[in-house]
Amino acid sequence: LILTKWLTIYKNTVILYSSNERSGKKMTAIKKLKMAMAALDIIQRELATRVNQSPANLSKKIVADNLRISEYATLVAALGCKLDITITLPDGTIL
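For the structure given in this document, a descriptive report is provided here. (Residues numbered from 1 in each chain as written. Predicted model: local features only at pLDDT ≥ 70, side-chain atom pairs only at ≥ 80, totals over all residues. Heavy atoms only, no water.)

### Considering helix α1 (residues 29–39)
Then step 1. Those residues of α1 lying buried are A29, I30, L33 and M37. When α1 is viewed along its axis, its buried side chains cluster within an angular range of 100 degrees and face the same direction. Projecting away from the buried face of α1 at angles above 90 degrees are the exposed residues A38 and A39.
Then step 2. Phi turns positive, to about 55 degrees, at D41, one or two residues after α1. (Buried < 20%, exposed > 50% of the residue type's maximum accessible area, 1.4 Å probe, protein only. Helix = DSSP H or I, 4+ residues; strand = E, 2+ residues; numbered from the N terminus. Arc of directions from axis to C-beta.)

Written as structure tokens, this is what we have:
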């Protein structure tokens, strides 16, 4: 499987996507965050507590799919996970 990650800037918000080139399916960063939470058996309320946010505030951001990269990185770290962001050029070169 060939995976490519890319960034899209929309209304001053950076949206992270991952696409499987064979299927063309896109997976947003929020979906990946939810998958990590499920794999680690951590509910959203617990994650909010870990990053000193109210559950309601975190929920609004997740539902709106509106997180800055820095916020996303903080959430990923609070899960005990590592965030890797790469840029892949059209010729396949990974930066």
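Continuing now.
### Some remarks on the side chain of E71
Then step 1. Along the chain, E71 falls in helix α4 (residues 69–78).
Then step 2. The class of E71 is buried, set by a relative accessible area of 18%.
Then step 3. Excluding its chain neighbours within four sequence positions, the residues that come into contact with E71 are K61 and N66. (Contact = heavy atoms within 4.5 Å.)

### Concerning the environment of E46
Then step 1. Secondary-structure assignment places E46 in helix α2 (residues 44–50).
Then step 2. Classification of E46 by relative accessible area gives partly exposed; the value is 34%.
Then step 3. In this structure, the C-alpha to C-alpha distance between E46 and L79, residues 33 residues apart in sequence, is 9.8 Å.

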